[in-house]
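Analysis of the macromolecular model
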Amino acid sequence: QVQVVESGGGLVQPGGSLRLSCAASGSIFSINAMGWYRQAPGKQRELVAVITSGGTTNYADSVKGRFTISRDKVTVYLQMNSLEPEDTAVYYCNAQITTPTARYLEVWGQGTLVTVSS
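Residues numbered from 1 in each chain as written. Predicted model: local features only at pLDDT ≥ 70, side-chain atom pairs only at ≥ 80, totals over all residues. Heavy atoms only, no water.

1. Some remarks on the overall build of the protein chain
The criterion, for reference: Counting from the N terminus, the helices are DSSP H or I runs at least four residues long and the strands are E runs at least two residues long. All radius of gyration figures rest on C-alpha atoms, and the globule criterion is 2.2 Å times the number of residues raised to 0.38. Contacts are assigned to residue pairs that have any heavy atoms within 4.5 Å of one another. Only four residue types enter the charge count, namely Lys and Arg as positive and Asp and Glu as negative; His and the chain termini do not. Each charge is placed at NZ for Lys, CZ for Arg, CG for Asp and CD for Glu.
When its secondary structure is counted, the protein chain shows zero helices and eleven strands. Ordered by position from N to C terminus, the α and β elements of the protein chain give β-β-β-β-β-β-β-β-β-β-β. Relative to the globule expectation of 13 Å for 118 residues, the C-alpha radius of gyration of the protein chain, 14 Å, shows essentially globular dimensions. Referenced to the eigenvectors of the C-alpha coordinate spread, the extents of the protein chain come out at roughly 50 × 25 × 20 Å. Partitioning the intrachain contacts of the protein chain with sequence separation of at least 6 by distance along the chain shows that 56% fall at a separation of at least 24. When the 9 positive and 8 negative side-chain charges of the protein chain are each reduced to one mean point, those points stand 6 Å apart.

Have a look at this one:
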């Protein structure tokens, strides 16, 4: 089995910072893109940031200049600065994984809640 597990969510005041982590584990040959998505109450899930195995990054316009995505071999991070109430959402990790048997899997985490409020 392959899974990804997020950590690092919580309550923060506007203007504050949080760092999310997501670690992949299991039968993994390689991890291609890893990314973060979020879903606010009453809204659809949206892409926040993604990073490829080669280090290419892409960000939603709403977080450019405030959030930074990075990764090592099996973990992806999301450094979130200058947080705004509009960033409040459940943040989900996504990983595109190739198994040793050449299966392609898209794996989602269970989500971690980020609340930005005074």
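2. Remarks on the sheet that holds strand E8 (residues 75-80)
The line we're drawing: A pair of strands counts as paired when DSSP detects no fewer than two bridges linking them. Between the N-to-C directions of two axes lies an angle of 0 to 180 degrees, each axis being a line fitted to C-alpha atoms and, for a helix, fitted only over the stretch in contact.
Pairing within the open sheet is antiparallel, and its four strands lie in the order E1-E3-E8-E7. Each end of this open sheet is capped by a strand with a single partner; those strands are strand E1 (2-7) and strand E7 (67-71). Looking at each pair of strands side by side, their axes are set apart by 15° on average, direction ignored. The pairing of E1 with strand E3 (residues 18-26) spans six bridges and is antiparallel. From the neighbouring strand, Ser7 faces E3, where its bridge partner is Ser21.

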